[in-house]
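Chain by chain, the residues:
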Amino acid sequence: MFKRSDQDSRPSVRIVVDGAALAAREGDTVSAALLASGRDVRRATAVSGAPRLPYCMMGVCFDCLVTIDGVGNRQGCLVPVAEGMQIEIQKGKREIGR
Amino acid sequence: MNTTARHDSYDVVVIGAGPAGLAAATTAAEAGLSTLLLDENAGPGGQVWRAIASTPVRDRNHLGADYWAGSELVEEARSSGAEIIQRATVWSLDRNLEIGVSVGGASFFVKARRVILATGALERPFPIPGWTLPGVMTAGAAQTMLKSSGLVPSGPTVIAGQGPLLWLLAAQILRLGGRIDRILDTTERRNYLAALPHAFAFMTSRYFAKGLALMKQVRAKVPVVTGISELAAAGDGQLATVTYVSGGRRETVPAELLLLHQGVVPNVNLAMATGIEHRWDDLQLCWSPVLDRDGNTSVEGIAIAGDGAGIGGADAAIVRGRIAARAAVEALAPAAAARLAPMASFKASLVKAERGRIFLDTLFRPAPQFRIPSGDTIVCRCEEVSARDILDAVAIGATGPNQLKAYRRTGMGPCQGRLCGLTVTELMAQARGKSPQEIGYYRLRAPVKPITLAELAAVPKTEADVNAVVRG
Amino acid sequence: MTKLADAIIIGGGIHGCSTALHMCLAGMKPVLIEKDYAGRHASGVNAGGVRQLARHVAEIPLSIRSMGIWERIEELVDDSCGFESHGQVLVAENDAEFDACRARVAELNALGFTHEELIDGPELRRLVPAVAESCPGGVVSRRDGAAEPARTTTAIRRKAEALGATVREGVAATNIRKQDGLWRVDVGADSYAAPVLVNAAGAWAGRIAADLGEPVPVETVAPMLMITSRVPHFIDPVVILRGRKLSFKQFANGTVLIGGGHLATPDQDRNETVLDWRSLAISARTVFELFPVMRSATIVRAWAGIEARTKDELPVFGPSARHSGLYHQFGFSLHGFQLGPGAGAVMTELIASGGTQTRIGDLGIDRFHSSQP
């Protein structure tokens, strides 16, 4: 869906998505890194389970909700990646209390 | 990175570090007022200068001169003495000018003597069939990814809609080697005629030549279909095709990515949750705050500058930011105000910056069928409520957006109506034969962005709180 | 032009709407006047608790009467109102509180009330598995539950209108007076006249009573609530605490409502409230301690509804002590939602038949007269 510009020489940052390592770039938001990965990173909504991907990428639509380092319902489009960050794609109502 | 404010209270707190917020904070700080600038993104610049301090796009021609023009203002803000906190989400503001802020998972409160809201704009909802499918995004989303991460579309891509941003985005994607298969222009033909009387003013604005050049660049490389009267996205759990009607002909094209855009509207959530009065703007088809000449709102001590005050573009936003800040300086430190440029010069700059706006608003007024959906088309993305659901509720007694909550959870999800509110107002207005002003809008509530229970529980206690714990 | 009605009801909260509905069922033609819209204030934005549990003895008969109506609410108003009956549980957090629970249940039993039942630790954890281990027990009222407040008030209003009530929304009742033996009220350009006037104006009812020469010690309050995003189902009953201010409820859609009576600052003339986040933080800390499972749930909205609280926190309910044809139904002091259906039925009995089987004697306005200056 998206590819990186060949001008992009930012250093790589390793994050972990549902247990699998992913090379993002320094300065990527979580959502940008997920979309750039080419993997299936669709979440499922809490209401009907419908698949979604980020829509606005500017903190408005809440379709980028993702669990980051154990904290659920974070807006992935507003959070920059960090080395070793653990990402979980949310499927339905996010599990609490784990 | 700063994660908390250095002080409990400030003369001026500016919310949002786009053009208006940067200008306002700089003006206030340079006049000697203690100034805090809170911004939700990782770096300053807002949407228009998104990632200006960190973009991986190094060829300056690719993002264009208007983008890089932001560097100067960012530098000025940084050296102005204003305290700047990035990744700061303001989740509450009230009439007492107390501000709830979340940074890195922890919240704190600050007080202000004056607040300047510079929360900018968001893209107008574009509720077509299939707009919730993965692979359908806003043009602004693609531009954000392009600016901040150097990402461009690589698969079959359709851009649909209208307005200056759409052409700018298309040009930027092409310059960076991205793929666009087709552009579907939804501008209504009759708008050209309606906009004609305002064309002269626009031709003398600096946007005119730039806009023409962009369109020419894009048209040389991408097929453009005009007069789009119907638009739908389809696919099984993922966008697969885009169907459109132009000149009575229906066509379906394969697509992996559909980028939608039909202009921007003020981002009013924080202002409305604060209780600031808004009115329906019949030209821009959105809610705009009721403001005096200096940007002051109906709530004492709070001003709004930039696109959040009504869409005016980046140049106008900068000037409005300075006007609001100057008014704050006049109120709090009249002696310092004398050292600033006179208000009259700001007002003259504003007139110049706003030249041609009516032309754009008229030409790019979105068509009714792209604002007011029908049938199964989703209106409220969060709670998955369709146009039919809403009309059914109207039929049995729902009279406005707030009453609708008793029937459907429209607007009660995490986005708090940002992507359905305008649609719900216009849909209910049409169904009930009322004006949008009569129908009204959701009563919005803090937190305007969700915070975790643990975060709220950890809010620092004041001594008074400790004494006031009530058992009963 | 003056229009005649059988009764004028001021206030479109659940109480005014319920009284209008029951009057229609009794063959009367009331007019209901609401300055905003039905359910705009506390009735539409409260916690939705349908609770007999932990009530003052004086209002238990009305509460029990109401419970019977709640259990057939769909039959009555053609809408389920989102009513669910999973019980309400009062949690004792320590032994002293548990002792107080024991005494309370014994007291109610002695008075002949059996809806409250003492439960030990194991039964508490069976009903509320997520509760902190340290809680020794509590009290349950098994028929209690919760409903969706805006939906309920709207449904009652809609049914009343369908049965012949005139509902005027968006215009305040002004110039309330008694003239030529009839109560008269102006509503915009219209006037209504009726032999009966019901003051069910919630936070605005105290002013009406005072203007009619019957002041009562009542204040305007705005209890705060907050709601989380949808989380997986983990609790059925509504939970309240014995010692601290907390009520806690998970809706069928997964959202969790947190309330309990911490107050916002009301601005009655603006229809607004200013939330007190430091008090909401206390609620959050209470939930944090009691339900560790909730710690990472996100709060998506907080709000407060404007209502009236009397000095003794009991409603003013029944005929005026001063004027014939005037009835009061206000001051429900943060716990009026469950009473709405029953109060409408009883009020109608008082008006239509001059009496009721439901014991409401301790709720009359005359109780304040000795204390008036």
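Look up a bit, the structure's there.
Computed from a predicted model, the values in this text were never measured in an experiment.

## Considerations on the overall build of chain B
In step 1: The number of helices and strands found in chain B is 21 helices and 23 strands.
In step 2: In terms of its C-alpha atoms, chain B occupies a principal-axis envelope of roughly 70 × 55 × 40 Å.
In step 3: Relative to its 472 residues, chain B shows a buried fraction of 63%.
In step 4: Taking as baseline every contact in chain B between residues at least 6 positions apart, the subset at least 24 positions apart corresponds to 67%.
In step 5: Taken as two groups, the 49 positive and 42 negative side-chain charges of chain B have centres that lie 3 Å from each other.

## Focus: the sheet that holds strand β2 (residues 7-10) of chain C
All names here are of chain C.
In step 1: Strand order in the open sheet made by the six strands is β9-β3-β2-β13-β23-β22, with mixed pairing throughout. With one partner strand each, in any of the chains shown, β9 (166-169) and β22 (316-319) form the two edges of the open sheet. Neighbour to neighbour, the strand axes of the sheet diverge by 15 degrees on average, direction disregarded.
In step 2: Judged from the four bridges that link them, β2 and strand β3 (residues 30-34) form a sheet pairing that is parallel. Along β3, the bridge assignment pairs Ile9 with Leu32.

## Describing the sheet that holds strand β14 (residues 241-246) of chain B
Residue and element names in this part refer to chain B.
In step 1: Taken in spatial order, the three strands make up an open sheet running β13-β14-β15, and their pairing is antiparallel. In the strand order of this sheet, the two ends are held by β13 (228-234) and β15 (249-254), each with one partner. Recorded for the sheet is a direction-independent mean angle of 15 degrees between the axes of neighbouring strands.
In step 2: For β13 and β14, the ladder comprises six bridges, and the chain directions are antiparallel. Across the sheet, the residue bridging to Glu230 is Val245, located in β14.

## Here's the deal with helix α6 (residues 164-175) of chain B
Residue and element names in this part refer to chain B.
In step 1: Helix length check: α6, at twelve residues, gives a terminal C-alpha distance of 17 Å against a target of 16 Å (1.5 Å per residue), a fit within 8%.
In step 2: What α6 keeps buried is the set Leu165, Leu166, Trp167, Leu168, Leu169, Ala170, Ala171, Gln172, Ile173 and Leu174.
In step 3: Of the residues trailing α6, Gly177 is marked for its positive phi of about 80 degrees.

## Observations concerning the nonpolar core
In step 1: Core analysis: the biggest nonpolar cluster contains 89 residues, and Ile15(A), Val30(A), Leu34(A), Ile87(A), Met137(B), Ile159(B) and Ile183(B) have the highest contact counts within it.
In step 2: If sequence neighbours within four positions are ignored, Ile87(A) has contacts with Ile15(A), Val16(A), Val17(A), Asp18(A), Val30(A), Leu34(A), Val66(A), Thr67(A) and Ile68(A).
In step 3: Core analysis: the second largest hydrophobic core is formed by 60 residues, Phe62(A), Leu133(B), Ala255(B) and Tyr441(B) among them.

## A few points about the packing of helix α16 (residues 387-395) of chain B against helix α18 (residues 421-432) of chain B
Two numbers describe a pair of packed helices, the interaxial angle and the distance between the axes.
Residue and element names in this part refer to chain B.
In step 1: Where α16 contacts α18, the two axes come as close as 10 Å, and the packing angle between them is 45 degrees. The angle between the axes of α16 and α18 places the two elements in the oblique class. Handedness of the α16/α18 crossing: right-handed. On the side of α16, the interface is formed by Ala387, Ile390, Leu391 and Val394, while α18 contributes Val424, Leu427, Met428, Ala431 and Arg432.

## Points about the pairing of β3(C)
Residue and element names in this part refer to chain C.
In step 1: A large share of β3 lies buried, amounting to five of its five residues.
In step 2: A crossover links β2 with its parallel partner β3, the connecting element being helix α1 (residues 14-25), and its sense is right-handed.
In step 3: Where β3 meets β9, four bridges bridge the pair, whose relative direction is parallel. Each residue of the ladder has a partner; that of Leu32, found in β9, is Val167.

## Quick notes on the packing of α1(C) against helix α7 (residues 149-162) of chain C
Residues and elements named next belong to chain C.
In step 1: Closest axis-to-axis distance for the α1/α7 pair is 8 Å, and the angle between their directions is 30 degrees. Judged by the inter-axis angle, α1 sits roughly parallel to α7. Considering only the axes of α1 and α7, their crossing is left-handed. Contact residues: α1 offers Ile14, Cys17, Ser18, Ala20, Leu21 and Cys24, while α7 offers Thr152, Thr153, Ile156, Arg157, Lys159 and Ala160.
In step 2: A per-class count over the contact of α1 with α7 returns seven nonpolar, three polar and two charged.

## Remarks on the environment of Ser66(C)
All names here are of chain C.
In step 1: In this structure, Ser66 sits in helix α3 (residues 60-70).
In step 2: Note on Ser66: relative accessible area 0%, which makes it buried.
In step 3: Along the primary structure Ser66 and Pro292 are separated by 226 residues, whereas in three dimensions their C-alpha atoms are 35 Å apart.
In step 4: Apart from residues lying up to four places away in sequence, Ser66 is in contact with Gln338, Leu339, Gly340, Pro341 and Gly342.

## Side note on empty space enclosed by the protein
In step 1: This model, assessed by the stated rule, comprises nine cavities of 30 Å³ or more.
In step 2: Elements that contribute at least two residues to the lining of the largest cavity include exactly β4 (43-44) of chain A together with β14 (218-228) and β20 (298-304) of chain C.
In step 3: For the lining of the largest cavity, the per-class residue count stands at twelve nonpolar, nine polar and eleven charged.
In step 4: Considering the residues around the second largest cavity, the lining is formed by 13 residues, among which Val265(B), Pro266(B), Val268(B), Leu422(B) and Tyr441(B) are closest to the centre.
In step 5: Split by residue class, the lining of the second largest cavity holds eight nonpolar, four polar and one charged.

## Here's the deal with the interface of chain A and chain C
In step 1: Taken together, the nine residues of chain A in the interface contact 13 residues of chain C.
In step 2: The junction of chain A with chain C conceals about 860 Å² of combined surface from both sides, 59% of it contributed by carbon and sulfur atoms.
In step 3: Run the count over chain A and chain C and you get zero salt bridges.
In step 4: Inspection of the region where chain A meets chain C yields one residue pair in polar contact (both at pLDDT 80 or more).
In step 5: Residues of the side of chain A that touches chain C, tallied by class, amount to three nonpolar, three polar and three charged.

## What to know about the side chain of Thr45(A)
Residues and elements named next belong to chain A.
In step 1: Tracing the backbone through its elements, the reader meets Thr45 in the loop between β4 and β5 (51-52).
In step 2: Judged by its relative accessible area of 4%, Thr45 is buried.
In step 3: At a separation of 3.0 Å, a polar atom in the side chain of Thr45 contacts the main-chain amide nitrogen of Gly49.

## Quick notes on the interface of chain A and chain B
In step 1: Taken together, the contact pairs 40 residues of chain A with 52 residues of chain B.
In step 2: In total, chain A and chain B occlude about 3,800 Å² of area from one another, counting both sides; carbon and sulfur atoms represent 58% of this.
In step 3: Taken as a group, Met1(A), Gln7(A) and Tyr55(A) account for 23% of the area that chain A buries against chain B, more than any other trio of residues on that side.
In step 4: The closest approach of N and O atoms between Arg381(B) and Asp63(A), which form a salt bridge, is 2.7 Å.
In step 5: Our count for the contact surface shared by chain A and chain B stands at 20 residue pairs in polar contact (both at pLDDT 80 or more).
In step 6: Secondary-structure elements contributing two or more residues to the side of chain A that touches chain B are β1 (2-4), α1 (30-36), β5 and β7 (71-75) of chain A.

Reading the values: rules and limits
Residues numbered from 1 in each chain as written. Chains lettered and ligands numbered in written order. Predicted model: local features only at pLDDT ≥ 70, side-chain atom pairs only at ≥ 80, totals over all residues. Heavy atoms only, no water. Helix = DSSP H or I, 4+ residues; strand = E, 2+ residues; numbered from the N terminus. Buried < 20%, exposed > 50% of the residue type's maximum accessible area, 1.4 Å probe, protein only. Contact = heavy atoms within 4.5 Å. Lys, Arg positive; Asp, Glu negative; His and termini not counted. Charge placed at Lys NZ, Arg CZ, Asp CG, Glu CD. Pairing = 2+ DSSP bridges. Axes fitted to C-alpha atoms, helices over the stretch in contact; angles between N-to-C directions. Expected span 1.5 Å × (residues − 1). Core = buried A, V, L, I, M, F, W, Y, C linked by side-chain atoms within 4.5 Å. Parallel < 35°, antiparallel > 145°, perpendicular 65-115°, else oblique. Left-handed = near helix turned anticlockwise from the far one by under 90°. Right-handed = clockwise from strand over helix to strand, strands pointing away. Nonpolar A, V, L, I, M, F, W, Y, C, P; charged D, E, K, R; others polar. 1 Å grid on protein atoms, 1.4 Å probe; cavity = no way out; pocket = protein on both sides within 12 Å on 5 of 7 lines; lining within 4 Å. Points joined across faces, edges and corners; volume = space filled by probe spheres on them. Buried area = accessible area lost by both parts, 1.4 Å probe. Salt bridge = Lys/Arg side-chain N within 4 Å of Asp/Glu carboxyl O. Polar contact = N/O pair within 3.5 Å; in protein donor to acceptor, adjacent residues only side chain to side chain.

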